[in-house]
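What follows is the residue order along each chain.
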Amino acid sequence: MIEIFESLKQHSDALTVIFTAVVTLSTVVYAILTGILVSETRKMREVQTEPKIHITLESFDFAIHIIRLNIQNIGFGPASNLTFQPSVIAGGESAEKLLTEFTESNFFKTGLRHFGPGQNVYSTYTQTTQDFEGKSASVLSFKVEYKSATGKKYSDEIIIDMSEIKGRYQLGKPNLYAIANSLEKLQKDVSHIVSGFKRVKADVYSSDDRKEEREERERWYEAQRQESENS
């Protein structure tokens, strides 16, 4: 035991250096991990206040050939001072006409002062039954600029490729649309009946009618029984 203490005493300087190195390394690792944690926390807080503008093509449920743009804030934070810079990438005259149709909505010119999370607005629509080949060959660009609640500026370019509409089809009517039509027809029928515009055709069946029918049925049974006995 004495020899061990003597050995430790002789190598005390080396042990001190090793211990100091271990402590220093641990401090550095801890500082790195703390820095990573702070960075991740900052990113999470930024995501919670970060807006994200999304533009997609959308068709009506009841008419797949009628298409419009759906502009939506899919982020968790509100966007402010949202502006649009639409332009044509490809498609020539058909694309120019298509862009004019889409951007007839006034907010494309004035912008949106406030655009909350989950909020969406629609452009004016176009019908692909008119100049389908020209419209489906069009490629449009929408450059958007906006700010977050913290004042951070964002700038994105969203490409709308109209060739995505090729090959789309729809079988039958959507269930909700069919139900809405049925309810509307039912409401009209009830309204006509209540207002007297149409009258309900009904055959009145009294107790005397039921009695006569019962007696006639009994006579028929009796006639069948007698006929069976005679045969």
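In what follows, the structure referred to is the one given above.
Given the structure is predicted, the values throughout are model-derived calculations rather than measurements.

Rules used throughout
Residues numbered from 1 in each chain as written. Predicted model: local features only at pLDDT ≥ 70, side-chain atom pairs only at ≥ 80, totals over all residues. Heavy atoms only, no water. Phe/Tyr/Trp six-rings, centres within 6.5 Å; stacked < 30°, edge-to-face > 60°. Buried < 20%, exposed > 50% of the residue type's maximum accessible area, 1.4 Å probe, protein only. Patch = residues over 30% accessible without salt bridge, like charges linked within 9 Å, V, L, I, M, F, W, Y side chains within 5 Å. Areas by Shrake-Rupley, 256 points an atom, 1.4 Å probe, with all protein chains shown as cover. Salt bridge = Lys/Arg side-chain N within 4 Å of Asp/Glu carboxyl O. Lys, Arg positive; Asp, Glu negative; His and termini not counted. Charge placed at Lys NZ, Arg CZ, Asp CG, Glu CD. Helix = DSSP H or I, 4+ residues; strand = E, 2+ residues; numbered from the N terminus. Arc of directions from axis to C-beta. Pairing = 2+ DSSP bridges. Axes fitted to C-alpha atoms, helices over the stretch in contact; angles between N-to-C directions. Contact = heavy atoms within 4.5 Å. Core = buried A, V, L, I, M, F, W, Y, C linked by side-chain atoms within 4.5 Å. Polar contact = N/O pair within 3.5 Å; in protein donor to acceptor, adjacent residues only side chain to side chain.

> If you had to explain the packing of aromatic side chains to someone new, which residues and values would you point to?
All told, the structure shown has six aromatic pairs when counted by the stated rule. Between Tyr 146 and Tyr 154, the ring centres sit 5.4 Å apart and the planes meet at 15 degrees, which makes this aromatic pair stacked. For Tyr 146, a relative accessible area of 2% corresponds to the buried category. The structure contains a cluster of three or more aromatic residues connected by ring pairs, namely Phe 84, Phe 107, Phe 108 and Phe 142.

> Describe in detail a negative patch on the surface, supporting the description with residues and values.
A contiguous patch of negative charge on the surface is contributed by Asp 208, Asp 209, Glu 212, Glu 213, Glu 215, Glu 216 and Glu 218. Take Asp 208: it is sitting in helix α7 (residues 207–230). With a relative accessible area of 58%, Asp 208 lands in the exposed category.

> I'd love a proper account of a nonpolar patch on the surface, names of residues and values included.
Taken together, the side chains of Leu 25, Val 28, Val 29, Ile 32, Leu 33 and Ile 36 define a hydrophobic patch exposed on the protein surface, amounting to about 550 Å² of accessible area. When you line up the elements, Val 29 lands in helix α2 (residues 12–48). Assessed through its relative accessible area of 41%, Val 29 is described here as partly exposed.

> Quick one: what's the story with helix α3 (residues 92–102), residue by residue and with numbers?
Listed as buried for α3 are Ser 94, Ala 95, Leu 98, Leu 99, Glu 101 and Phe 102. End-on view of α3: buried residues confined to an arc of 160 degrees, all on one side of the axis. Those residues of α3 that are exposed and aimed more than 90 degrees away from the buried face are Glu 93 and Lys 97.

> Quick rundown of unusual backbone geometry? Include the residues and the values.
The residue Asn 81 is not glycine, and still its phi comes out positive at about 55 degrees. Mapped onto the fold, Asn 81 is located in strand β3 (residues 79–90). Notably, Asp 131 is not glycine yet its phi reads approximately 55 degrees, a positive angle. Secondary-structure assignment places Asp 131 in the loop between β6 (126–127) and α5 (132–136). Looking at Asp 131, the relative accessible area reads 43%, which means it is partly exposed.

> So what's going on with the sheet that holds strand β7 (residues 139–147)? Residues and values would help.
As summarised here, the arrangement of the four strands in space is β4-β3-β7-β8, forming an open sheet in which the pairing is antiparallel. Sheet topology places β4 (112–115) and β8 (153–161) at the edges, where each strand pairs with a single neighbour. Across the sheet, the mean angle separating the axes of adjacent strands is 35 degrees when strand polarity is ignored. Relative to β4, β3 runs antiparallel, the two sharing three bridges. If you follow Ser 80 over to β4, its bridge partner there is His 114. Strands β3 and β7 of the sheet are contacted by α3, whose axis makes an angle of about 160 degrees with β3.

> Describe in detail the pairing of β7, supporting the description with residues and values.
Strand direction decides the pairing type here: β3 and β7, joined by eight bridges, are antiparallel. In the sheet register, Phe 84 faces β7, and the bridge partner there is Val 144.

> Give a description of the nonpolar core that names residues and reports values.
Grouped together as the largest cluster of nonpolar side chains are 27 residues, with contacts concentrated most on Ile 55, Leu 69, Ile 71 and Ile 160. Listed by contribution, the elements that provide at least two residues to this core are β1 (53–59), β2 (66–73), β3, α3, α4 (107–110), β4, β7 and β8. Non-local contacts of Ile 160, meaning those with residues more than four positions away in its chain, are made with Ile 55, Leu 57, Leu 69, Ser 138, Val 139, Leu 140 and Phe 142.

> Outline the side chain of Thr 103, listing residues and values.
Tracing the sequence through the fold places Thr 103 in the loop between α3 and α4. Among the residues examined, Thr 103 registers a relative accessible area of 13% and is labelled buried. Polar contacts involving the side chain of Thr 103 include one to the main-chain carbonyl oxygen of Leu 99, which spans 2.7 Å. Ignoring anything within four residues of it in the chain, the contact list for Thr 103 reads Pro 86, Phe 108, Lys 109, Thr 124 and Phe 142.

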